[in-house]
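Inside the fold
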Amino acid sequence: MSIAQYKGVFVFAEQRDRKVQKVAFELVGKGKDLAKDLGTTVTAVLLGKAMQEEAKRLCQAGADNVIYVEDDLLDVYMTEPYVYALHKVIEDKKPEIVLYGATAIGRDLAPRVSARVHTGLTADCTGLTIEPDDKEPEKLNLMMTRPAFGGNIMATIACPDHRPQMATVRPGVMKAIKPSDQNPVNIEEFKVVIPKECRNVEILDVTKIIQQRMNIEEAKVLVSGGRGMHGPDNYPMLEELADLLGGTISASRAAVDAGWVPKDRQVGQTGKTVRPNLYIACGISGAIQHLAGMEESEFIIAINKDETAPIFDVADVGIVGDIFQVVPLLIEELKKEKTNADK
């Protein structure tokens, strides 16, 4: 089939507990940009059960269309039913681009679907653009950028000879569009009969593990520690500051590699990309790999005793000083403010 016959940008709208996940709205936002460059539309594909209201939310968030596949087997994520249903949608609609969140579900689903439609997949992308093909300028390709070699370089990958072009995208990298009730609601219910051979797993029970700390991708305030923390025993100080500000702690790769902080706290190209309202970098020099994961934060405060540290180049406020003197003073002042507010 000719590449020219594939049209549209599709976004897999991941849902859990019948709620569309944040990454789906981020991808719809980016999908709108890509669709504009291609002169086409963005369509969210939602799989689940009793999710008509969530389908409307996707339209309000900017999706030109929503394709909704409803089935009891799609209520909770299972690999085979999801792969079968999404493959059928792609086979019928023939989109030019399909985007997934680089989540546990997206990373399981995307490679299996790409194998069935005989196309490529670029994983864990941090950037997406549309550019003309080198050999055929009239043909536009999706240029997919991702970290390579441990985050030391950024690789840009194209899939010029196959469609759809597929990518998984890190949560927190793209920006969602502000939702509006004025956006038109276009929802198509797509019928898929999932065969018996896809029903190879039965979910008997779902056990949820409640994290003691909030997800750094969701946090509005992050207090992040780096090599300058000198060890795990000093992190309670950052936790206290984060608690006073209603946030949580994160870390640079150096702190994670040293075993001071769990991997799920890592910010950067090989960690997570974050966009908090406030990011406080404590003892972080500001390597380019770390900056790539947090430079889109709304307000950045950097504390470092090295006045030449690259982190100050992106900081809104820079404090040149010893974190073990500066942070306790911040904690003290915040406690005073809290006490006065409670009176």
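In this text the structure is predicted, and so the values were computed from the model without any measurement.

Strand pairing within a sheet occurs via backbone hydrogen bonds; the two strands may be parallel or antiparallel. Ordered by their spatial adjacency, five strands build an open sheet running S14-S13-S15-S16-S17, and the pairing between neighbours is parallel. Across the chains shown, the open sheet's two edge strands, defined by having one partner strand only, are strand S14 (248-251) and strand S17 (317-320). Direction aside, the axes of adjacent strands within the sheet are offset by 20° on average. In terms of strand pairing, strand S16 (residues 299-304) meets S17 through four bridges, oriented parallel. Across the sheet, Asn304 pairs through a bridge with Val320, a residue of S17. Packed on one face of the sheet, helix H5 (residues 235-244) meets strand S13 (221-225), S14 and strand S15 (278-282) and runs near 135° to S14.

Along the chain, the position of Glu96 falls in the loop between helix H3 (79-93) and strand S6 (97-101). Within the buried core, Glu96 has no salt-bridge partner, and the shortest N-O distance to an opposite charge, that of Arg163, equals 4.3 Å. Apart from residues lying up to four places away in sequence, Glu96 is in contact with Tyr6, Lys7, Gly8, Leu38, Leu140, Arg163, Pro164 and Gln165.

Let us now look at the packing of aromatic side chains. In this structure the tally under the stated criterion is three aromatic pairs. Relative to Tyr100, the ring of Phe12 has its centre 6.1 Å away and its plane inclined at 45°; by these criteria the two rings are tilted. Placement of the pair is Phe12 in strand S1 (residues 9-12) and Tyr100 in strand S6, with a sequence separation of 88 residues. In this pair, the class of Phe12 matches that of Tyr100, namely buried. On the basis of an interplanar angle of 65° and a centroid distance of 4.8 Å, the ring pair of Tyr77 and Tyr82 is categorised as edge-to-face. Here Tyr82 falls in the buried class, since its relative accessible area comes to 2%. Here a set of aromatic residues connected by ring pairs shows up, and it is made of Phe12, Tyr77, Tyr82 and Tyr100.

Scanning all chains against the criterion turns up 21 salt bridges. For the salt bridge of Arg170 with Asp124, the shortest nitrogen-to-oxygen distance reads 3.4 Å. Note that Arg170 is positioned in the loop between strand S11 (165-169) and strand S12 (187-189) and Asp124 in strand S7 (residues 121-125), a separation of 46 residues in sequence. Here Arg170 matches Asp124 in class, with each residue buried.

Here we take up helix H2 (residues 52-60). When H2 is considered as a whole, its buried residues turn out to be Glu54, Ala55, Leu58 and Cys59. Within H2, the buried residues cover an arc of 155° as seen down the axis, which keeps them to one side. Those residues of H2 that are buried are in contact with strand S3 (19-20), helix H1 (22-38), strand S4 (42-48), strand S5 (65-70) and S12. Two residues or fewer past H2, Gly62 is found with a positive phi of approximately 120°.

Cut-offs applied
The residue numbers shown here count from 1 along each chain, following its written sequence. With the structure being a predicted model, the display of local features is reserved for residues of pLDDT at least 70 and the display and counting of side-chain atom pairs for 80 or more, all residues being used for whole-chain, interface and lining totals. Water and hydrogen atoms play no part in the side-chain values, which are based on all heavy atoms of the structure. Strands pair, by our definition, only if DSSP identifies at least two bridges between them. A run of H or I in DSSP counts as a helix once it spans at least four residues, and a run of E counts as a strand once it spans at least two, with each numbered from the N terminus. Axes here mean lines fitted to C-alpha atoms, for a helix over just the part in contact, with angles spanning 0 to 180 degrees between N-to-C directions. A contact between two residues is defined here by any heavy atoms of the two lying within 4.5 Å. The cut-offs for exposure are 20% and 50% of the maximum accessible area for each residue type, with area from a 1.4 Å probe on protein chains only; residues under the lower value are buried, those over the upper are exposed, and the others partly exposed. Residues scored as positive are Lys and Arg, those scored as negative are Asp and Glu, and His as well as the terminal groups of each chain are ignored. Criterion for a salt bridge: a side-chain nitrogen of Lys or Arg within 4 Å of a carboxyl oxygen of Asp or Glu. Between 30 and 60 degrees the pair is tilted, below 30 it is stacked and above 60 it is edge-to-face, where a pair is any two Phe, Tyr or Trp rings, Trp via its six-membered ring, whose centres lie within 6.5 Å. Note: the arc covers the axis-to-C-beta directions of the helix.

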